[in-house]
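Read off the chains here:
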Amino acid sequence: MSTYRGRFAPSPTGPLHAGSLVAALASWLDARAHGGQWLVRIEDVDGPRCPPGMDTLILGQLAALGLLPDEPPLWQSRRGDRYQAGLDRLIASGHAYGCACTRAEIAAAIGPRAKHGELVYPGTCRQGTHGRPVRAWRLRVHGRVDWEDRRLGPQSQDLEAEVGDFVLKRADGLWAYQLAVVIDDAEAGITDVVRGEDLADNTPRQIALQRCLGLPTPRYLHTPLVLAADGHKLSKQNGAAALDLGDPPARLREAAAHLGLHLHTCEPLAEAVPQWRAATMPAFTHLKDFP
Ligand code: GLU
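Keep in mind that this is a model prediction, so the values were computed, not measured.

J.: An account of the confidence of the model for the protein chain is requested, with residue identities and associated values reported.
T.: Residues of the protein chain with pLDDT of at least 70 account for 92%, and the chain-wide mean is 91. Here residues 283-291 scores under 50 on pLDDT; set against residues more than four positions off or in separate chains, the count is 30 contacts.

Right under this line is the structure:
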């Protein structure tokens, strides 16, 4: 029996759209092509950004498309105790530290050199907060992370210079995505992360966390993004329409076409699995032919 376990992890900030369906379909196909399990996790860790009922709507959209998880979905909002246990371990091992700085203080300390939409933390509280109250918790990072993406090939990021000590628990008490995703993937036994390319530059942070927690690193495959008319990634912010589910096979064929598959039947999922297998299996670690 295959040990493969994959997942789709939508943030329920809006309904599934053409872009998120590509990631959902790719993760489902990769699991099926490997004879593995496919799970769904609702990433509602940032509660204020998740309208009530959006989780149910997304699960209904997936079901209408025939993308059915092999186990009951998980909700991150119910897993705070697991994230706290992870943070406690990181504090005990000296990998995490409390930070007293406000955003304005960090910006003033480093000037306008923001990277990745975030300020690279200058390490002010690495040696302690000097009596100031702890606002957030950060991971102490070192050097560079090299990793391999199944489609993008060898990747490298200087975590220390480009990202800096990143937040695990925010000043407002919310858990950071990076910690939640690493704990959840490990506890679910995820062997393969298949998700949109916009998340590729989060991967080194997640690998650094896995190493600090002594957790295995899954294989990664980042799928091509669907771009909006403005050239940016299709998202709820630039007007991505919720999927029209009047014709699920048509939506699946469109998403599959974006992954380089050519489907013609009214049973696109069954048709897509052997095509995906043929495209990905010969060179499991490289998918250079994919768009
Ligand atoms: N929740 C993230 C999103 O919807 C995906 C996280 C992941 O797949 O690791 O963009």
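J.: Provide a residue-level description of the side chain of Asn-202, including the pertinent values.
T.: Looking at the element boundaries, Asn-202 is found in the loop between β9 (192-196) and α7 (203-213). With sequence-adjacent residues up to four places away left out, Asn-202 is seen in contact with Tyr-177 and Gln-178.

J.: I'd like a rundown of the site of the ligand, residues and numbers included.
T.: All residues adjacent to the ligand are Arg-7, Ala-9, Pro-10, Ser-11, Glu-43, Tyr-177, Val-181, Arg-195 and Leu-199. The contact in question runs from an oxygen atom of the ligand to an N or O atom on the side chain of Arg-195, over 2.8 Å. For the ligand, whose accessible area on its own is 300 Å², the fraction buried by protein is 80%. Grouping the amino acids of the shell around the ligand by side-chain chemistry returns five nonpolar, one polar and three charged.

J.: Before we move on, can you summarise the environment of Glu-160 with the specific residues and values?
T.: Mapped onto the fold, Glu-160 is located in helix α5 (residues 159-162). A relative accessible area of 38% means that Glu-160 is categorised as partly exposed. It is 8.8 Å that separates the C-alpha atoms of Glu-160 and Arg-140, two residues lying 20 residues apart in sequence. At 2.6 Å, the side chain of Glu-160 forms a polar contact with the backbone nitrogen of Gly-143.

J.: So, the environment of Asp-30: which residues are in play, and what are the values?
T.: Examined against the element boundaries, Asp-30 turns out to sit in helix α1 (residues 18-33). Looking at Asp-30, the relative accessible area reads 0%, which means it is buried. Measuring from C-alpha to C-alpha, the distance between Asp-30 and Tyr-4 comes to 9.2 Å, with 26 residues separating the pair along the chain.

J.: How would you explain the packing of helix α3 (residues 80-92) against α7 if you had to name every residue and give the values?
T.: Between α3 and α7, whose axes approach to 10 Å, the crossing angle comes to 70°. Looking at the two axes, α3 sits roughly perpendicular to α7. Residues Gly-86, Arg-89 and Leu-90 of α3 form the contact with α7, whose own contacting residues are Leu-209, Cys-212 and Leu-213. Per-class residue counts for the contact of α3 with α7 are four nonpolar, one polar and one charged.

J.: Now, about the pairing of strand β7 (residues 153-158): what can you tell me, with residues and values included?
T.: The sheet contact formed by strand β6 (residues 144-149) and β7 spans six bridges and is antiparallel. Counterpart to Val-145 in the pairing with β7 is Gln-157. Here β6 hands over to β7 after three residues, the two strands then running antiparallel side by side.

J.: Could you give me a rundown of the sheet that holds strand β4 (residues 96-99), with the residues and numbers involved?
T.: If you walk across this open sheet you meet the three strands as β4-β5-β8, and the pairing is antiparallel. Where the open sheet ends on each side, the last strands, each with one partner, are β4 and β8 (167-169). On average, each strand axis in the sheet is tilted by 40° relative to the strand beside it, whichever way the strands run. Bridge count for strand β5 (residues 136-139) against β8 is two bridges, and the pairing is antiparallel. Paired with Arg-138 across the bridge in β8 is Val-167.

Cut-offs applied
Residues numbered from 1 in each chain as written. Predicted model: local features only at pLDDT ≥ 70, side-chain atom pairs only at ≥ 80, totals over all residues. Heavy atoms only, no water. pLDDT = per-residue confidence, 0-100. Contact = heavy atoms within 4.5 Å. Helix = DSSP H or I, 4+ residues; strand = E, 2+ residues; numbered from the N terminus. Near = heavy atom within 4 Å. Polar contact = N/O pair within 3.5 Å; in protein donor to acceptor, adjacent residues only side chain to side chain. Areas by Shrake-Rupley, 256 points an atom, 1.4 Å probe, with all protein chains shown as cover. Nonpolar A, V, L, I, M, F, W, Y, C, P; charged D, E, K, R; others polar. Buried < 20%, exposed > 50% of the residue type's maximum accessible area, 1.4 Å probe, protein only. Axes fitted to C-alpha atoms, helices over the stretch in contact; angles between N-to-C directions. Parallel < 35°, antiparallel > 145°, perpendicular 65-115°, else oblique. Pairing = 2+ DSSP bridges.

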